[in-house]
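Working through the structure, step by step
Listed below are the residues making up each chain.
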Amino acid sequence: MKAAITGLTHYLPDYVLTNDELSQMVDTNDEWITTRVGIKERHILKDPHAGSSALAIPAVKELLEKTGTRPEEVDCFICASSAPDYRWPSTAAIICDACDIRHAMAYDIQAACSGFLFNLNQARAFIEAGLYKKIIICQAEKCSSFVDYTDRSTCPLFGDGGAAALVEPTDDDSLGVQDAVLYTNGAGNEHLILKAGGSVNVPSHQTVDDKWSYIYQDGRYVFKNAVTMMTQTAGEIMQKNNLTLEDIDWVCTHQANKRIIDAVRQYVGVSEEKVICNIEKVGNTSSASIPIALHTAAQEGKLHKGDTILLAAFGSGFTYGSMILKWADCVI
């Protein structure tokens, strides 16, 4: 028995922040941003009183409707978010309440931009163990909440978005999650961090003045490690499963930066035609980036039952890894 994605949705807020508009906020321009990160625009949740849950709730409601799943049928619900609504209650609890999901084990995980792979692998484990049959994994990311819009090195990168997937058992072992290799190397902690808001640096005038509530990123160090760790695990999982480049139909990595995506593609050795990439239109939406990219590709008719997809992700921690997913019949 394998775990397959049988339904997939995503949600992007209406407001679109373009490079031209960003150039009026910081010292940058469209050519500089496009050349360095490959992003033209990103969606932003403008309501200051709405959190990341507001980006996942529409996606979950659409998922329930499209797949014909009743809220009471959902027995497990896992939410990944780098920007949870509160320290507690969990963002999963808030989303479940809004979607009338009352009988599921619901909780959050924090694996930063690797959240979708960690989420899907947990769902896989639960299903293969026979514990649950209908699992919703969602990704809720109001990245704009931790972005300093006076910092030209980070503010062009991030957008807001949410995604939801229904994961169910399949007796066809040729479909669904085939394998995953996922790791965390905490040696990278200081290089990609949001310093304030936790129990180490509680919010204060000092943390506000020092801008510790915004993302800090050592760009060069993160770039190097993102490429190294994603390519390492991509090679590892292909070797482990006796896969060649000819066996891979699609590669979909975390949509962090077009140069990172291109570097991973080149190291792996696949053609650009096999790469799923939508970063130009949505930017980096953290854990939501891979499912948003997959859903967009499915809507465009690119994905077909039985396609072999190599997934790879990297995020703060550093969290990183790769997964082999065989596309199943999926409601989109």
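Below you will find a few notes about this structure. (Residues numbered from 1 in each chain as written. Predicted model: local features only at pLDDT ≥ 70, side-chain atom pairs only at ≥ 80, totals over all residues. Heavy atoms only, no water.)

With respect to the overall build of the chain
For the chain, the helix and strand inventory stands at 10 helices and 13 strands. For 332 residues, the compact-globule estimate of 2.2 N^0.38 gives 20 Å, and the C-alpha radius of gyration of the chain, at 19 Å, lies within 12% of that figure. Burial statistics for the chain: of 332 residues in total, 55% are counted as buried. Contacts in the chain between residues at least 24 apart in sequence constitute 77% of all its contacts with a sequence separation of at least 6. A total of about 14200 Å² of accessible surface is found on the chain, and carbon and sulfur atoms cover 49% of it. Positive and negative charge centroids in the chain, built from 28 and 42 side chains respectively, lie 3 Å apart. (Helix = DSSP H or I, 4+ residues; strand = E, 2+ residues; numbered from the N terminus. Rg over C-alpha atoms; globule rule 2.2 N^0.38 Å. Buried < 20%, exposed > 50% of the residue type's maximum accessible area, 1.4 Å probe, protein only. Contact = heavy atoms within 4.5 Å. Areas by Shrake-Rupley, 256 points an atom, 1.4 Å probe, with all protein chains shown as cover. Lys, Arg positive; Asp, Glu negative; His and termini not counted. Charge placed at Lys NZ, Arg CZ, Asp CG, Glu CD.)

What to know about the pattern of salt bridges
Across all of its chains, the model carries 15 salt bridges by this definition. Across the pair Asp97 and Arg102 runs a salt bridge, and its minimum N-O distance is 2.6 Å. Owing to a relative accessible area of 45%, Asp97 belongs among the partly exposed residues under this scheme. Take Arg102: its relative accessible area is 48%, and that puts it in the partly exposed class. Across the salt bridge formed by Asp329 and Lys305, the nearest N and O atoms sit 3.2 Å from each other. Placement of the pair is Asp329 in the segment after strand 13 (319–326) and Lys305 in the loop between helix 10 (289–299) and strand 12 (308–315), with a sequence separation of 24 residues. (Salt bridge = Lys/Arg side-chain N within 4 Å of Asp/Glu carboxyl O.)

What about the state of the cysteines?
Applying the stated criterion across every chain, the model contains 0 disulfides. For the unlinked cysteine Cys96, the closest cysteine sulfur is that of Cys99, found at 7.2 Å. Considering cysteine sulfurs only, Cys143 is the nearest to Cys155, which forms no disulfide, with 13 Å between them. Of the residues examined, Cys155 reaches a relative accessible area of 0% and is grouped as buried. (Disulfide = S-S within 2.5 Å.)

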